[in-house]
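# Geometric and topological summary
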Amino acid sequence: MTIRRSVVVLGPTASGKSDAAMTAAALQPKGSVHVIVADSMQVYKRMDIGTAKPSPADQALIPHHCLDVAEPNDRHTVAHYVENVAAARVAISDAGASELIVGGTGLYVTAIVDGLDMPGEYPEIRAELEANEDTEAMFAQLFALDPEATTKMDPNNRRRLIRALEVCLGSGEKFSSFGEGIGTFAPTDTRLIGIRWDRDILRERIARRVGIMINAGLVDEVTSLCAEPEGMSPTARQALGYKEVIEFIEGRCSLDEAVAATVLRTQQFAVRQERWYRRDPRIEWVDVQKDPVAEVTPHVLGALA
């Protein structure tokens, strides 16, 4: 299997990475560049507005992979994503094309660039953990079993916390012992281009983006998803914006409060994304001043050449 070029465009949410990647891809000969989406929520069908999924027009212009591969009620894991990427790379190789990886989920980018040794699954243990509402106690339990894993984890990220405990308890091995690629940053033929903003400006971009999503019909989108017979999985329900809108729909907050909470949680998430990426010395950072398309696209074109 041969892929002509492998390039990553990464950055925090609302940084403009998708626009820069699409512009660069569109300037290449038709069909010569395929996009692999590295986003843990864009894998879900019908979750379009809140995940800022590439538009149908963009998908028609440039082949996209790893989008819309799971139902909203599915539990889609990194292991599933690795399978999606393997299938995508066969198609890209067969087309004699380059891959342009557009990433916001750090673990997904790592899964592509460095590979991950994926631990097994233990559904009974996971079910017990999901029934435990004491997130703080579970974090303490993980710290006792695998303190190294807690250094790379948000204490409030229940999905990731439950997965780590599931592996520790089910396999008898430390969760941190899996995925040697995390934190090693081995040499790679993949070019990694990162978008970096002044943090205050990025916060403003996030607030504007959330407002655009609300105006575009996010509440209607979430209402429709919740009304589906199978509903949404715990993973999908935790997506940025979806969690907050669900609380509004269920009468637990006002729409203004849901919007404010979405903005705050997205801003906090962007900080965590930055922290994840800045550990990697292989990333070529572009400090954007005004326009990510104008300022980042030339770097992407150079990497694809």
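Because the structure is a prediction, the values reported are computed rather than measured.

Overall, the coordinates contain 22 salt bridges when judged by the stated rule. The closest approach of N and O atoms between arginine 196 and aspartate 287, which form a salt bridge, is 2.7 Å. Within this pair, whereas arginine 196 is found in strand β5 (residues 191–196), its partner aspartate 287 is found in strand β6 (residues 283–287), the two being separated by 91 residues in sequence. A salt bridge links arginine 252 to glutamate 250, with the nearest nitrogen and oxygen atoms 2.5 Å apart. Take glutamate 250: its relative accessible area is 45%, and that puts it in the partly exposed class. Connected through shared salt-bridge partners, Arg75, Glu121, Arg126, Arg163 and Glu166 make up one network.

What follows covers the sheet that holds strand β2 (residues 33–38). Spatially, the 6 strands line up as an open sheet ordered β3-β2-β4-β1-β5-β6, and their pairing is parallel. Edge positions in the sheet fall to β3 (64–65) and β6, since each has one partner strand and no second. Judged from the 6 bridges that link them, β2 and strand β4 (residues 98–103) form a sheet pairing that is parallel. Paired with isoleucine 36 across the bridge in β4 is isoleucine 101. The strands that helix α3 (residues 78–94) touches are β1 (6–10), β2, β3 and β4; relative to β2, the one it contacts most, it runs at about 180°. Helix α14 (residues 292–304) contacts β1, β2, β4, β5 and β6 of the sheet and is inclined by roughly 175° relative to β5.

What the rule picks out here adds up to 1 aromatic pair. Relative to tyrosine 108, the ring of tyrosine 81 has its centre 4.0 Å away and its plane inclined at 20°; by these criteria the two rings are stacked. Taken together, the positions of tyrosine 81 in helix α3 and tyrosine 108 in helix α4 (residues 106–113) put the pair 27 residues apart, joining distant regions of the chain. Here tyrosine 81 falls in the buried class, since its relative accessible area comes to 0%.

Analysis parameters
Residues numbered from 1 in each chain as written. Predicted model: local features only at pLDDT ≥ 70, side-chain atom pairs only at ≥ 80, totals over all residues. Heavy atoms only, no water. Salt bridge = Lys/Arg side-chain N within 4 Å of Asp/Glu carboxyl O. Helix = DSSP H or I, 4+ residues; strand = E, 2+ residues; numbered from the N terminus. Buried < 20%, exposed > 50% of the residue type's maximum accessible area, 1.4 Å probe, protein only. Pairing = 2+ DSSP bridges. Contact = heavy atoms within 4.5 Å. Axes fitted to C-alpha atoms, helices over the stretch in contact; angles between N-to-C directions. Phe/Tyr/Trp six-rings, centres within 6.5 Å; stacked < 30°, edge-to-face > 60°.

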